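As a plain string of letters, each chain reads:
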Amino acid sequence: MRRWLMDVLSGRRDNFRLRRELGRKERLLRDCHVEIRRLHELIIKAGRSVERKK
């Protein structure tokens, strides 16, 4: 019984750790996504200004 309880608790702890890590990675991914969108807009603007100069 006690061993079963320890297994359950350690499983919950691992679960919590994984969920926290997933949350952190999700935020990182979101930040990267925002950065990529920003760079993409810059590239498009740069392309437009090059076209105007021609």
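Residues numbered from 1 in each chain as written. Predicted model: local features only at pLDDT ≥ 70, side-chain atom pairs only at ≥ 80, totals over all residues. Heavy atoms only, no water.

Visitor: Is there a simple way to think about the overall build of the chain in this case?
Guide: Within the chain, the secondary structure is distributed over one helix and zero strands. Radius of gyration (C-alpha) of the chain: 23 Å, far over the 10 Å computed for a compact globule of 54 residues. Considering the chain as a whole, with its 54 residues, one finds that 2% of them fall into the buried category. Accessible surface, the chain as shown: approximately 5800 Å² in total, 60% of it carbon and sulfur. Positive and negative side-chain charges in the chain, numbering 18 and 8 respectively, have mean positions lying 2 Å apart. (Helix = DSSP H or I, 4+ residues; strand = E, 2+ residues; numbered from the N terminus. Rg over C-alpha atoms; globule rule 2.2 N^0.38 Å. Buried < 20%, exposed > 50% of the residue type's maximum accessible area, 1.4 Å probe, protein only. Areas by Shrake-Rupley, 256 points an atom, 1.4 Å probe, with all protein chains shown as cover. Lys, Arg positive; Asp, Glu negative; His and termini not counted. Charge placed at Lys NZ, Arg CZ, Asp CG, Glu CD.)

Visitor: Just checking my understanding: could you explain a positive patch on the surface for this structure?
Guide: A surface patch of like charges, here positive, comprises Arg20, Arg24, Arg27 and Arg30. For arginine 20, the location among the structural elements is in helix α1 (residues 2–53). (Patch = residues over 30% accessible without salt bridge, like charges linked within 9 Å, V, L, I, M, F, W, Y side chains within 5 Å. Salt bridge = Lys/Arg side-chain N within 4 Å of Asp/Glu carboxyl O.)

Visitor: Can you help me understand the pattern of salt bridges in this one?
Guide: Opposite charge on two side chains permits pairing when their charged atoms draw close. Evaluated as defined, the whole model comprises three salt bridges. Close ionic contact of aspartate 14 with arginine 17 constitutes a salt bridge, the shortest N to O distance being 3.2 Å. Residue aspartate 14 and its partner arginine 17 are located together in helix α1, separated by three residues, close to a single helical turn. For arginine 17, a relative accessible area of 42% corresponds to the partly exposed category. With a closest N to O distance of 2.8 Å, glutamate 35 and arginine 38 form a salt bridge. Of this pair, glutamate 35 and arginine 38 both sit in helix α1, three residues apart, roughly one helical turn. A relative accessible area of 35% places glutamate 35 in the partly exposed class. On the basis of relative accessible area, arginine 38 is assigned to the partly exposed category, the value being 41%.

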